Amino acid sequence: MAEVKIPAKPRTEFGKGAARRTRLADRVPGVVYGHGADPVHVTLPAYDLLMALKTPNVLLRLEIEGGKSELVIPKAVQRHPIKIGVLEHVDLLLVSKGEKVTVEVPINIEGDLAPGANLVEHVLNALPVETEATHIPEGVTISIEGLDAGDTIYAKDIKLPKGTALAVEDDAPVVHIVAAQAEAPAEEAAEGEGEGAEG
């Protein structure tokens, strides 16, 4: 995974008012922590950060004003509850080349189920893995080709890239195939309500 360079400025003002001023200046308040060091408070350009975060577990090279350069990954991102594309705060974890980190990677599903009205139930939407901080996989792919109701794909069934290990039990279910529920009971309930109204 390539590094994405983002300029960062040290943050000296705190509190809601300061955070509001930061966001009005098209910047996002954040904190950098890890490796036993004191947390460093920074602000980041909102658009650059938003674009970078389109890649899950993106590796960021923070160029901090004053000459310091740090390698980080996003650990927690607070987004605006209503405004789409507006970031409120970001927690960034310091990492170094060769260091192992535990992250969740997206699960991509491919293939078609066996004929029949079956549904794919996602037990896990992302797979917890332990991997090198500078080689975090962008995702894992599982095939549901030909699976039928009652079939389950477990964590141990997923092929992981070299250097990546599961950070969840081997027998943790990831995807479960279920039979589609018939809608007849809902219709019967509606008819029952109609009878009650007439009487």
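Residues numbered from 1 in each chain as written. Predicted model: local features only at pLDDT ≥ 70, side-chain atom pairs only at ≥ 80, totals over all residues. Heavy atoms only, no water.

## A closer look at the sheet that holds strand β8 (residues 118-122)
Spatial ordering of the open sheet is given by β8-β13-β11, a layout of three strands whose pairing is antiparallel. Edge positions in the sheet fall to β8 and β11 (152-154), since each has one partner strand and no second. For this sheet, the mean angle separating the axes of adjacent strands, direction not counted, is 15°. Pairing of β8 with strand β13 (residues 173-179), which is carried by five bridges, proceeds in the antiparallel orientation. Opposite histidine 122, over in β13, you have valine 175 as the bridge partner. (Pairing = 2+ DSSP bridges. Helix = DSSP H or I, 4+ residues; strand = E, 2+ residues; numbered from the N terminus. Axes fitted to C-alpha atoms, helices over the stretch in contact; angles between N-to-C directions.)

## Observations concerning the environment of asparagine 57
Here asparagine 57 is to be found in the loop between α2 (46-52) and β4 (59-64). Judged by relative accessible area, which is 12%, asparagine 57 ranks as buried. Separated by 82 residues in sequence, asparagine 57 and glycine 139 place their C-alpha atoms 9.7 Å apart. Within polar-contact distance, the side chain of asparagine 57 engages the backbone oxygen of glutamate 104 at 2.9 Å. (Buried < 20%, exposed > 50% of the residue type's maximum accessible area, 1.4 Å probe, protein only. Polar contact = N/O pair within 3.5 Å; in protein donor to acceptor, adjacent residues only side chain to side chain.)

## A look at the pattern of salt bridges
Should their charged atoms come close, side chains of opposite charge can pair. The final tally for this structure, using the stated rule, is three salt bridges. With a shortest N-O distance of 3.3 Å, glutamate 3 and lysine 97 are connected by a salt bridge. With glutamate 3 in strand β1 (residues 3-10) and lysine 97 in the loop between β6 (87-94) and β7 (100-110), the pair connects residues that are 94 residues apart, well separated along the chain. Given the relative accessible area of 32%, glutamate 3 is considered partly exposed. Note that glutamate 70 is salt-bridged to lysine 68, the shortest N-O span being 3.5 Å. The class for lysine 68 is partly exposed, based on a relative accessible area of 48%. Here the salt bridges share partners, and the residues they tie into one network are Glu3, Arg61 and Lys97. (Salt bridge = Lys/Arg side-chain N within 4 Å of Asp/Glu carboxyl O.)

## Considerations on unusual backbone geometry
Backbone geometry places histidine 35, a non-glycine residue, at a positive phi of 60°. Take histidine 35: it is sitting in the loop between β2 (27-34) and β3 (37-45). Of note, the phi angle at asparagine 57 is positive, near 55°, even though the residue is not glycine.

## Observations concerning the sheet that holds β4
Across a sheet, paired strands are connected by hydrogen bonds in the backbone, their directions being either parallel or antiparallel. Here we have six strands rolled up into a closed barrel, ordered β1-β3-β2-β6-β5-β4, and mixed in their pairing. Averaged over neighbouring strand pairs, the angle between their axes works out to 45° when direction is ignored. This element, helix α1 (residues 16-24), spans β2, β3 and β6 of the sheet and lies at about 115° to β2. (Contact = heavy atoms within 4.5 Å.)

## Structural notes on the packing of aromatic side chains
Aromatic ring pairs are defined here through the distance separating the ring centres and the angle between the ring planes. Here the structure, examined in full by the defined rule, presents zero aromatic pairs. Across from the ring centre of tyrosine 154, 5.8 Å away, lies the NZ or CZ of lysine 156, which sits over that ring. (Phe/Tyr/Trp six-rings, centres within 6.5 Å; stacked < 30°, edge-to-face > 60°. Lys NZ or Arg CZ within 6 Å of the ring centre and 35° of its normal.)

## Looking at the confidence of the model for the chain
The predicted structure's coordinates, where accompanied by low pLDDT, should not be read in detail. Here the chain averages 84 in pLDDT, while 90% of its residues score no lower than 70. In the model, residues 186-190 has pLDDT below 50 throughout and makes zero contacts with residues more than four positions away in sequence or in other chains. Across residues 195-199 the pLDDT falls below 50, and counting only partners more than four positions away or on other chains, this stretch makes zero contacts in the model. (pLDDT = per-residue confidence, 0-100.)

## What about the pairing of β6?
A large share of β6 lies buried, amounting to six of its eight residues. Direction of pairing for β2 relative to β6: parallel, over a ladder of four bridges. Note on β6: the bridge partner recorded for glycine 30 is valine 90.

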